Amino acid sequence: MEFNGKLGKYKIIVTEDNTQTLWSEYFDEACHNLSGAYNETLHNYISGCHIPEQLSTVKDTHVLDVGFGLGIGLLALLDECRKHNLLPTKKITYTSIELDEELFLWSIKTTFPETEFVKNANHYLAKIPLQSGISLAVTVYIGDGRKTLKEALNAQALPKFTAIFQDAFSPKKSPTLWTMEWFTDLVAMSDPSVHLSTYSSSVSIRKTLISTGWKLENAKGFGQKKTMTKARLIGETDPLLSAELSRSKALELKDV
């Protein structure tokens with residue numbers, strides 16, 4: 001099955017865990033690992049950003065999902081939230097970005113048919129009930145996320161993120177979401193305790209993260225990927241990883 005979005009055609013692909021992903025004509029790439037879209041999200045982002053542990057504490061949980069796509073990051077977060085007996089004072093928010101508004105509208109109709117999303121200027125808002133008196137506040141910015149998030153930050157409209165699902169299309173296909181400038185922006189948007197997780201284990205990406213203040217940990221990848229990357233703003237980079245990166249001539253990524 002295929003459908004047309006603002007950025008071209010999307011082809012629906014059923015992955016190995018029987019959940020769907022999309023292949024994007026514009027980016028010439030699938031949104032998820034074909035070993036399993038939902039299970040990849042659980043491994044890389046729900047587990048990678050320690051969401052179960054975050055939900056179990058008094059502190060609020062604020063997620064940034066870099067690329068809404070089919071909404072699987074939001075779906076997995078909702079599923080995890082509903083497993084926990086949340087404190088009545090707990091605040092949980094989900095923020096995302098999506099370049100293609102037509103893809104976003106298709107995805108919410110497909111994945112969240114019972115949820116009402118209301119458009120407000122350049123973003124969509126929704127409140128999804130979790131437990132008695134507790135809802136997940138959802139905000140999805142449409143357009144170039146580099147611009148929309150910075151505008152929201154300057155307007156003091158963003159929470160301080162405690163989790164970042166760095167799930168953009170690959171650096172070759174979507175380079176502006178992997179540069180020093182981007183990761184510097186993420187530092188400004190984040191709580192000091194933030195967990196950032198990404199499927200990428202690229203040496204250039206890791207060097208770019210380190211150069212902007214992130215401390216890295218090498219982690220087991222999903223499916224056939226051997227490794228992935230976790231990052232924080234506290235602590236130190238794994239010494240073995242640091243030594244490995246120092247031996248590489250790969251360069252950090254910067255805006256052109």
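Residues numbered from 1 in each chain as written. Predicted model: local features only at pLDDT ≥ 70, side-chain atom pairs only at ≥ 80, totals over all residues. Heavy atoms only, no water.

1. With respect to unusual backbone geometry
Right, so step 1: Residue Asp 28 is not a glycine yet carries a positive backbone phi of 55 degrees.
Right, so step 2: In this structure, Asp 28 sits in the loop between strand 3 (20-24) and strand 4 (29-30).
Right, so step 3: A residue is classified by how much of its surface remains accessible, and Asp 28, at 47% relative accessible area, is partly exposed.
Right, so step 4: Here His 50, not a glycine, exhibits a phi torsion of approximately 55 degrees, which is positive.
Right, so step 5: Judged by relative accessible area, His 50 falls into the partly exposed class, the value being 26%. (Helix = DSSP H or I, 4+ residues; strand = E, 2+ residues; numbered from the N terminus. Buried < 20%, exposed > 50% of the residue type's maximum accessible area, 1.4 Å probe, protein only.)

2. What about the pairing of strand 8 (residues 123-131)?
Right, so step 1: Direction of pairing for strand 7 (residues 118-120) relative to strand 8: antiparallel, over a ladder of 3 bridges. The residue of strand 8 that forms the bridge with Lys 119 is Tyr 124.
Right, so step 2: Here 8 bridges tie strand 8 to strand 9 (residues 134-142), and the two strands are oriented antiparallel to one another. Looking at the pairing, Pro 129 lines up with Ser 135 of strand 9.
Right, so step 3: Turn length for the strand 8-strand 9 hairpin, with the two strands adjacent in sequence and antiparallel, is 2 residues, and the turn residue Gly 133 shows positive phi of about 80 degrees. (Pairing = 2+ DSSP bridges.)

3. Re the packing of aromatic side chains
The description of an aromatic ring pair uses the distance of the two centres, along with the angle that the planes make with each other.
Right, so step 1: On inspection of all chains with the given rule, the structure shows 11 aromatic pairs.
Right, so step 2: An angle of 85 degrees between the planes, with centres 4.8 Å apart, marks the rings of Tyr 26 and Phe 27 as edge-to-face.
Right, so step 3: Accessibility expressed as a relative area gives 12% for Phe 27, which makes it buried.
Right, so step 4: Aromatic pair Phe 104 and Tyr 124: ring centres 4.8 Å apart, planes at 45 degrees, arrangement tilted. Within this pair, whereas Phe 104 is found in helix 4 (residues 101-111), its partner Tyr 124 is found in strand 8, the two being separated by 20 residues in sequence.
Right, so step 5: Following the ring pairs from residue to residue traces out a cluster consisting of Phe 68, Tyr 94, Phe 104, Phe 117 and Tyr 124. (Phe/Tyr/Trp six-rings, centres within 6.5 Å; stacked < 30°, edge-to-face > 60°.)

4. As for the sheet that holds strand 9
Right, so step 1: Taken in spatial order, the 9 strands of this open sheet run 7-8-9-6-5-10-11-13-12, and their pairing is mixed. The sheet is open, and its two edges are formed by strand 7 and strand 12 (215-220), each paired on a single side. Averaged over all pairs of adjacent strands, the angle between their axes in this sheet comes to 20 degrees, without regard to strand direction.
Right, so step 2: Pairing between strand 12 and strand 13 (residues 227-232): 6 bridges, direction antiparallel. Within the sheet, the bridge partner assigned to Lys 220 lies in strand 13 and is Thr 227.
Right, so step 3: Sitting on the sheet, helix 6 (residues 180-189) is in contact with strand 5 (61-65), strand 6 (92-98), strand 10 (161-166) and strand 11 (190-198), with an inclination near 140 degrees to strand 11. (Axes fitted to C-alpha atoms, helices over the stretch in contact; angles between N-to-C directions. Contact = heavy atoms within 4.5 Å.)

5. Observations concerning the side chain of Arg 146
Right, so step 1: Tracing the backbone through its elements, the reader meets Arg 146 in helix 5 (residues 145-154).
Right, so step 2: Relative accessible area serves as the criterion here: at 15%, Arg 146 is assigned to the buried category.
Right, so step 3: Beyond its immediate stretch of four places on either side in the chain, Arg 146 contacts Thr 176, Leu 177, Thr 179, Glu 181, Trp 182, Asp 185 and Asp 255.

6. Regarding the sheet that holds strand 3
Right, so step 1: Strand order in the open sheet formed by 4 strands is 1-2-3-4, with antiparallel pairing between adjacent strands. Two strands bound the open sheet, and with one partner strand each, they are strand 1 (2-5) and strand 4.
Right, so step 2: Where strand 3 lies against strand 4, 2 bridges are found, and the strand directions are antiparallel. Within the sheet, the bridge partner assigned to Ser 24 lies in strand 4 and is Glu 29.
Right, so step 3: Together, strand 1, strand 2 (8-14) and strand 3 form the strand contacts of helix 4, whose direction differs from that of strand 1 by roughly 135 degrees.

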